[in-house]
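Geometric and topological summary
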Amino acid sequence: MHHLDATLAPLLAEREAQNLYRRRLSLESAQGPLVRVDGRELINFCANDYLGLAAHPALAQAMAEAATRWGTGSGASHLVCGHSAEHEALEQELADWLGRPRALLFSTGFMANLGTIQALVGSGDAVFEDRLNHASLLDGGLASGARFGRYAHNDTAALAAKLAASEAPRKLVVTDGVFSMDGDCAPLPELARLCAEHQAWLMVDDAHGLGVLGEQGRGCTDGLSTEEVPVLMATLGKALGGFGAFVAGSETLIEYLIQHARPYIYTTALPPAVAAANRAALSLARGPEGEARRGRLRELIARFKAGAAQLGLALMPSDTAIQPLLVGDSAAAMALSTSLREAGFLVGAIRPPTVPAGTARLRITLSAGHTAEQVDRLLGALAELAKP
Ligand SMILES: *Cc1c(COP(=O)(O)O)cnc(C)c1O
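1. Points about a positive patch on the surface
Together, Arg 131, Arg 147, Arg 150 and Lys 162 line one region of the surface with positive charge. Inspection of the secondary structure puts Arg 150 in strand β5 (residues 147-151). The partly exposed category is assigned to Arg 150, whose relative accessible area is 35%.

2. Considering the pairing of strand β6 (residues 171-176)
β6 sits mainly inside the fold: six of its six residues count as buried. With burial as the criterion, each face of β6 is covered, one bearing Lys 171, Val 173 and Thr 175 and the other bearing Leu 172, Val 174 and Asp 176. Of the pairings in the sheet, the one linking strand β4 (residues 126-130) to β6 comprises four bridges and is parallel in character. Bridge pairing in β6 links Phe 128 to Val 173. Pairing of β6 with strand β7 (residues 201-205), which is carried by five bridges, proceeds in the parallel orientation. Its bridge partner lying in β7, Asp 176 is registered against Asp 205.

3. Overview of the environment of His 83
Turning to its location among the elements, His 83 is positioned in the loop between α3 (78-82) and α4 (85-98). When the C-alpha atoms of His 83 and Pro 272 are compared, they prove to be 8.3 Å apart, with 189 residues separating the residues in sequence. Beyond its immediate sequence surroundings of up to four residues, His 83 is in contact with Ser 77, His 78, Glu 88 and Glu 91. Among the polar contacts made by the side chain of His 83, one reaches the side chain of His 78 at a distance of 2.9 Å. One polar contact links His 83 to Glu 88, side chain to side chain, over a distance of 2.6 Å.

4. Focus on the sheet that holds β5
In spatial order, the strands read β3-β9-β8-β7-β6-β4-β5; together these seven strands make up an open sheet with mixed pairing. The two strands at the open ends of the sheet, each matched to only one other strand, are β3 (102-106) and β5. Looking at each pair of strands side by side, their axes are set apart by 20 degrees on average, direction ignored. In terms of strand pairing, β7 meets strand β8 (residues 231-235) through three bridges, oriented parallel. From the neighbouring strand, Asp 205 faces β8, where its bridge partner is Met 233. Contacts between helix α6 (residues 135-143) and the sheet are confined to β4, β5, β6 and β7, with β4 contributing the most and set at about 160 degrees to the helix. Across the sheet, helix α7 (residues 156-165) lies against β4, β5 and β6, angled at about 155 degrees from β5, the strand it touches most.

5. Considerations on the nonpolar core
Phe 246 and Leu 382 are the most contacted members of the largest nonpolar core, which totals 76 residues. In terms of residues, this core owes the most to one element, helix α11 (residues 272-286), which gives six residues. In contact with Leu 382, other than residues within four places in its own chain, are Phe 304, Leu 313, Leu 325, Leu 340, Leu 362, Ile 364 and Lys 387. Counting residues in each nonpolar core, the second largest holds 24 residues, with Ala 112, Met 203, Val 231 and Val 247 among its members.

6. As for the sheet that holds strand β11 (residues 345-346)
Hydrogen bonds between backbone atoms are what pair the strands of a sheet, whose relative direction is either parallel or antiparallel. Across the sheet, which stays open at both edges, the three strands sit in the order β1-β2-β11 with mixed pairing between neighbours. Because the sheet does not close on itself, it has two edges, and the strands there are β1 (34-37) and β11.

7. Examining the state of the cysteines
A full pass over the atoms with the stated rule returns zero disulfides. There is no disulfide at Cys 195, and the cysteine sulfur nearest it, in Cys 220, is 14 Å away. Of all cysteine sulfurs in the structure, the one in Cys 185 sits closest to Cys 220, which takes part in no disulfide; the separation is 6.0 Å. Since its relative accessible area comes to 17%, Cys 220 is described here as buried.

What counts and what doesn't
Residues numbered from 1 in each chain as written. Predicted model: local features only at pLDDT ≥ 70, side-chain atom pairs only at ≥ 80, totals over all residues. Heavy atoms only, no water. Patch = residues over 30% accessible without salt bridge, like charges linked within 9 Å, V, L, I, M, F, W, Y side chains within 5 Å. Areas by Shrake-Rupley, 256 points an atom, 1.4 Å probe, with all protein chains shown as cover. Salt bridge = Lys/Arg side-chain N within 4 Å of Asp/Glu carboxyl O. Lys, Arg positive; Asp, Glu negative; His and termini not counted. Charge placed at Lys NZ, Arg CZ, Asp CG, Glu CD. Helix = DSSP H or I, 4+ residues; strand = E, 2+ residues; numbered from the N terminus. Buried < 20%, exposed > 50% of the residue type's maximum accessible area, 1.4 Å probe, protein only. Pairing = 2+ DSSP bridges. Contact = heavy atoms within 4.5 Å. Polar contact = N/O pair within 3.5 Å; in protein donor to acceptor, adjacent residues only side chain to side chain. Axes fitted to C-alpha atoms, helices over the stretch in contact; angles between N-to-C directions. Core = buried A, V, L, I, M, F, W, Y, C linked by side-chain atoms within 4.5 Å. Disulfide = S-S within 2.5 Å.

Here it is in structure tokens:
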């Protein structure tokens, strides 16, 4: 055995023994409320396709038409010659939608977060992060070289104390808008007020709010100005059903990122056809179709929560499409996910290190594409398999 494999194999075995081993599914159908896996149709409650747009024909058509016009590859990074009129239009439409002076496309949300945090703070500065922030935000903060501090989840008093004690010239406060594994929202107006008081910069990652929450689906920062949330980041691969991510903010912020965000500069631009699919998604999401889908999603969330309450299930406090069911033990969470799968439901078990030790959970996600009957069937299965 090669030394590499001999070193890694026991670590994999250890992970397996701890019930923390990850295995991928291979879908045999498009993304949607019903998916085919291993030749079996399953009702899907684990995607982030909250509006049910990932397989919408309008997006597919926009992508196909754009591929015919632009080809498949963008050919280069944005700064060389990979930036097209399709990218430019998407950036302008995003900025217009969100009431921001400008927006900047990144190839993925992970890269947007790494690039933005590393561009904004470095050695001598300070970054403050919610303990439950997404891995890409935590990694960006750790890699930035700034003094890295985590505060207890949504604990604005703890953050205030840390900000008051910091004399760093640049202070960056970073939070998920909707927490990806919990479904609850950050107290954004209070965070914005604290940041103003301490001359700190607020960065919000709205990967799970954009398209779903707020007027026209503007997300959880709807109603907060560029002054209050100077760095707004969100992704296009979740509710928008496309791919990629962006940062929105002032003209100066965007120009600074173009000069300094390394994961922006040194990567190939998204294919223009992907930008075109994102544009079609944006237009649907902000219009009456998006409004109708958000309405359906809200009804399904209310139905699921009411049903789960009746069953006495340990749902975590969330009003969003992310409805985690706390299990605790990793093996028990895996077993529950497996028995749900046997019953015809796809629900992911989320285990450490994605969530804190001892808080393994089922991450149930709802989509506007689900029917009320599918939600009722999931409740029926949970009644049988997840009785508290
Ligand atoms: C999914 C996600 C990301 C990463 O976005 P990608 O475009 O998938 O790389 C970043 N932040 C949060 C909160 C996310 O949920």
